[in-house]
Amino acid sequence: MDGTAPRRRAPGRLAAGEGTWPGSSLLGSLAAPARGRLLALGAVRRYEADHVLMREGERTAFVLVLLHGVVKATGRAPDGRDALLAVRMGGDLVGEFAAADGGPRSATVTTCGDVVARAVSREEFLACTRDDPGIAHAVNAAVVAKLRAANTHRVDFTGCDAATRLARVLHQIVMTHGERSGAGAVIRWPITQPELATLSGTAEPTVQKVLRRFRQAGVISTGYRTVRVEDLDRLSDLAFREQP
């Protein structure tokens, strides 16, 4: 932790929406009995926006089972910038790499808005996966899915121009973390232009130009801490059109 004490809530109380998780998430993939055993571990904690949960390089090994909210994982690039590596939401697990091998944290994890999670010690987490093969399998599958997604991200960008790369980043985020709304969807957490630049492998001034073009074309609109995709079909066309 970064030394700031999280706000605690009474045992058994969950924030709105904490009991429903996507089927693609760890909690959503587990059968009810196994999910109950996992959710009995550790203690429920609530964190405010912009709270650093884990720091790259530190020697901590607890895991967090996200119940509600969004976090981002960032890593320090060779040029000193913070590169956005991944986004995780309610139902996901974070911190499992350090718990598995006892090594230093591979990324910094920061909250994007209010987050509720179960903080579980390494010892308790490893004992649970050792004693429950179903949970162990689900955790392993979640780790593999993260690695596959990272590999697909790199391969998909080969030979793409900046606009296509940015469209693919927005499409991936909105399809995995967005809220559907009519013909479009809304990303209800802040993602900055520098973060979009690192995700898409694009210079920040180019990101600004492409986003302006997307807004003028009516593909997206932006508001306070939100990005709205007005038409998912149009964004998909931009993301997956054939390259010249």
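What comes next is a walk through the structure. These numbers come from a predicted model, not from an experiment.

### So, the sheet that holds strand 6 (residues 82-89)
Pairing between sheet strands relies on hydrogen bonds along the backbone, with the strands arranged either parallel or antiparallel.
Next, step 1: Ordered by their spatial adjacency, four strands build an open sheet running 3-8-5-6, and the pairing between neighbours is antiparallel. Strands with a single pairing partner mark the edges of an open sheet, and in this sheet they are strand 3 (52-54) and strand 6. Between one strand axis and the next, the sheet turns by 30 degrees as a mean value, whatever way the strands run.
Next, step 2: Alignment of strand 5 (residues 70-76) against strand 8 (residues 108-111), held across four bridges, turns out to be antiparallel.

### So, the nonpolar core
Next, step 1: With 29 residues, the main nonpolar core has W189, I191 and L196 as its most contacted residues.
Next, step 2: Those elements giving two or more residues to this core turn out to be strand 6, helix 6 (162-177), strand 11 (184-187), helix 7 (193-200), helix 8 (204-216), strand 13 (226-229) and helix 9 (232-240).
Next, step 3: With seven residues, the top contributor of residues to this core is helix 6.
Next, step 4: Filtering out sequence-adjacent residues up to four positions away, I191 remains in contact with L84, I173, L196, L199 and V227.

### So, the environment of P104
Next, step 1: Residue placement: P104 occurs in the loop between helix 3 (96-101) and strand 8.
Next, step 2: For P104, a relative accessible area of 42% gives the class partly exposed.
Next, step 3: Taking the C-alpha atoms as reference, P104 lies 4.9 Å from G57; in sequence the two are 47 residues apart.
Next, step 4: Contact partners of P104, with chain neighbours within four places excluded, come to G57, E58 and R59.

### Some points on the pattern of salt bridges
Next, step 1: Per the stated rule, a full pass over the model turns up six salt bridges.
Next, step 2: Note that D114 and R46 form a salt bridge whose closest N and O atoms lie 3.4 Å from each other. Of the two residues, D114 sits in the loop between strand 8 and strand 9 (115-120) while R46 sits in strand 2 (residues 43-47), which places them 68 residues apart along the sequence.
Next, step 3: By relative accessible area, which is 37% here, D114 ends up partly exposed.
Next, step 4: Residue class for R46 comes out buried when judged on its relative accessible area of 18%.
Next, step 5: Across the salt bridge formed by K146 and E96, the nearest N and O atoms sit 2.6 Å from each other. Of this pair, K146 sits in helix 5 (residues 133-156) while E96 sits in helix 3, and the two are 50 residues apart along the sequence. Each member of the pair K146 and E96 is classed as buried.

### Digging into the sheet that holds strand 10 (residues 179-181)
Next, step 1: Judged by pairing direction, the sheet is antiparallel, and its four strands sit side by side in the order 10-11-13-12 without closing on themselves. The strands lining the two open edges of the sheet, one partner per strand, are strand 10 and strand 12 (220-223). The average undirected angle you get between the axes of adjacent strands in this sheet is 25 degrees.

### Concerning the side chain of T111
Next, step 1: Note that T111 resides in strand 8.
Next, step 2: A distance of 2.6 Å separates a polar atom in the side chain of T111 from the backbone oxygen of E48.
Next, step 3: Here the side chain of T111 touches D50 through a polar contact of 2.9 Å, landing on its backbone nitrogen.
Next, step 4: Beyond its immediate sequence surroundings of up to four residues, T111 is in contact with Y47, E48, A49, D50, H51, L53, V70 and V71.

Scoring rules and cut-offs
- Residues numbered from 1 in each chain as written.
- Predicted model: local features only at pLDDT ≥ 70, side-chain atom pairs only at ≥ 80, totals over all residues.
- Heavy atoms only, no water.
- Pairing = 2+ DSSP bridges.
- Helix = DSSP H or I, 4+ residues; strand = E, 2+ residues; numbered from the N terminus.
- Axes fitted to C-alpha atoms, helices over the stretch in contact; angles between N-to-C directions.
- Core = buried A, V, L, I, M, F, W, Y, C linked by side-chain atoms within 4.5 Å.
- Buried < 20%, exposed > 50% of the residue type's maximum accessible area, 1.4 Å probe, protein only.
- Contact = heavy atoms within 4.5 Å.
- Salt bridge = Lys/Arg side-chain N within 4 Å of Asp/Glu carboxyl O.
- Polar contact = N/O pair within 3.5 Å; in protein donor to acceptor, adjacent residues only side chain to side chain.

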